[in-house]
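Architecture at a glance
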Amino acid sequence: MIGRRTAIRLSDGRELIYFDEHPATDRTGTPDTRDLPPPPPTAQLRYDPLVDEWVAVAAHRQTRTFLPPSDKCPLCPSTPDFASEIPAPDYDVVVFENQFPSFSDRVAPDEAAALTDLVPVKPGIGRCEVVCFTSDHTSSFGALPPQRVRTVLDALADRTTEMSALPGVVQVFPFENRGVEIGVTLSHPHGQIYAYPTVPPRTAAMLSAARRHISRTGRNLYADVLAAERKAEIRIVGTNEHWTAFVPAASRWPYEVHVAPHRHVPDISALTAEERDAFAPLYLDVLRRFDGLFDKPMPYIAAWHQAVTTGSDRDLGYLHLQLFSIRRAADKLKYLAGSESAMGAFVNDIEPERAAELLRNHQA
């Protein structure tokens, strides 16, 4: 739970926010001492007419930090020998603007309007932030105490509210990538938040299905899916008064779990204090089951699906966390090859009911 929120500016003008658990924490005496170049312009959005989707082209991200040694980690607290992205010598939770963002409000003045008659171009107006869960470089989200998980959740709620109000932002997406198998380039426990200027393909597909469902039934689609899973019970991994964790009946990934609140809310900001407190014990339990399944750290993506920021489609959204791994056995990964990568047609190697049974029966 946040005791004090302190916003500062890094030497290149980017915003950094400390979320401290103790209200007496003073962050005024630790400025950023680095001499940084100005942040890059935002990505260019190019429209793909063949699939009715926008693609971001962000060439400056080629130079982002890649697997640095632990003593040069940009997400660790600063030391006398190394000035990192976080000026303070210690911290609880920190959020800052990404140095290599896919989306921002920094628009190049010579932005093209189109590449062909069918491919319009526009700047990727939005925002990208990094969320550091702990100052401990060797820790992980699953090792955090429940109080710290609550602080992270409160920080995500804060950022969701502020980023949703930015001009041009249509959806706010917090997520965590964990493990080199996933493609993580910084091993420090952290996540990210993308404020999208266009509706992402996954959200567009979910909204389309939700519209059809509500037109037929008058009910929210995800709420009905959750109710059906709770009734069936066979794919439930864990539950408490406010949340249920379950394996989707048609999951795409070998091990995939949704953690959803029992109450229909659009985003993290709308969760009550009781719901935020109840999230940590269940989610930490699921993460520990993931890690224990093959007696090694499980690579995963944890993706918060939130409602779009405005319009009638906002009521169709239903907050939930999608946790999934590409590991299908102790020594095997699921690679997105021809069918998945080229056609978007998934083939799952693990029966969802079996995945739920293994996770449910494993002692966390």
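In short, a report on the structure. (Residues numbered from 1 in each chain as written. Predicted model: local features only at pLDDT ≥ 70, side-chain atom pairs only at ≥ 80, totals over all residues. Heavy atoms only, no water.)

Description of the sheet that holds strand 15 (residues 320-325)
- Here 11 strands make up an open sheet; going across it, the order is 1-2-5-8-10-9-14-15-13-12-11 and the pairing antiparallel. Each of the sheet's edge strands pairs with one partner strand only, and the pair in question is strand 1 (4-9) and strand 11 (236-239). Averaged over all pairs of adjacent strands, the angle between strand axes in this sheet comes to 20 degrees, irrespective of strand direction.
- Lying over the sheet, helix 3 (residues 221-232) contacts strand 11, strand 12 (243-246), strand 13 (255-261) and strand 15, oriented at roughly 75 degrees with respect to strand 12.
- Each of strand 9 (171-178), strand 11, strand 12, strand 13, strand 14 (300-305) and strand 15 touches helix 4 (residues 273-293); the most contacted strand, strand 15, lies at about 10 degrees to it. (Pairing = 2+ DSSP bridges. Helix = DSSP H or I, 4+ residues; strand = E, 2+ residues; numbered from the N terminus. Axes fitted to C-alpha atoms, helices over the stretch in contact; angles between N-to-C directions. Contact = heavy atoms within 4.5 Å.)

Points about the sheet that holds strand 4 (residues 53-57)
- The strand order across the open sheet built from 4 strands is 4-3-7-6, with neighbouring strands paired in antiparallel fashion. Across the chains shown, the open sheet's two edge strands, defined by having one partner strand only, are strand 4 and strand 6 (114-116). Strand after strand, the sheet turns through a mean of 25 degrees between neighbouring axes, direction not considered.
- Here strand 6 pairs with strand 7 (residues 119-123) via 2 bridges, running antiparallel. When the bridges of strand 7 are listed, A114 appears paired with P120.

Looking at the nonpolar core
- If you look at the biggest cluster of nonpolar residues, it comprises 51 residues, and the most contacted ones within it are F141, Y255, V257, V259, F279, Y283 and W304.
- Top contributing element to this core by residue count: helix 4, with 10 residues.
- Listed in part, the 15 residues of the second largest apolar core include Y18, Y91, V130 and L186. (Core = buried A, V, L, I, M, F, W, Y, C linked by side-chain atoms within 4.5 Å. Buried < 20%, exposed > 50% of the residue type's maximum accessible area, 1.4 Å probe, protein only.)

Topic: the packing of helix 1 (residues 146-164) against helix 4
- For the pair helix 1 and helix 4, interaxial distance at closest approach is 9 Å and the crossing angle is 125 degrees. Judged on the interaxial angle alone, helix 4 and helix 1 are oblique. As helix 1 packs across helix 4, the resulting crossing turns out to be right-handed. Together, P146, V149, R150, L153, D154 and A157 of helix 1 and A273, R276, D277, F279, A280 and L284 of helix 4 make up the contact between the two elements.
- Here the contact of helix 1 with helix 4 is built from residues that sort into 8 nonpolar, no polar and 4 charged. (Parallel < 35°, antiparallel > 145°, perpendicular 65-115°, else oblique. Left-handed = near helix turned anticlockwise from the far one by under 90°. Nonpolar A, V, L, I, M, F, W, Y, C, P; charged D, E, K, R; others polar.)

Thoughts on helix 3
- With 12 residues, helix 3 extends 17 Å between its outermost C-alpha atoms, agreeing within 8% with the 16 Å of an ideal straight helix rising 1.5 Å per residue.
- Those residues of helix 3 that sit buried are Y222, L226 and E229. Buried positions in helix 3, seen along its axis, are confined to an arc of 65 degrees and lie on one side of it.
- Residues of helix 3 that are buried make contact with strand 11, strand 12, strand 13 and strand 15.
- Its side-chain oxygen at 3.1 Å from the backbone nitrogen of Y222, N220 defines the N-terminal cap of helix 3. (Expected span 1.5 Å × (residues − 1). Arc of directions from axis to C-beta. Polar contact = N/O pair within 3.5 Å; in protein donor to acceptor, adjacent residues only side chain to side chain.)

Here we look at the side chain of S140
- Following the sequence through the fold, S140 ends up in the loop between strand 8 (127-132) and helix 1.
- Residue classification places S140 among the buried residues on the basis of a relative accessible area of 17%.
- Setting aside its immediate chain neighbours within four residues, S140 contacts R178 and P189.

Quick notes on the packing of helix 4 against helix 6 (residues 352-361)
- Following both chains from N to C, one finds helix 4 and helix 6 inclined at 100 degrees, their axes separated by 9 Å at the closest point. Here helix 6 runs roughly perpendicular to helix 4, going by the angle between their axes. From helix 4, R289, F290 and L293 reach across to helix 6, where they touch L358, L359, R360 and N361.
- Broken down by class, the residue content of the contact of helix 4 with helix 6 amounts to 4 nonpolar, 1 polar and 2 charged.

Note that every value here comes from positions in space, so none of it alone points to a role or purpose.
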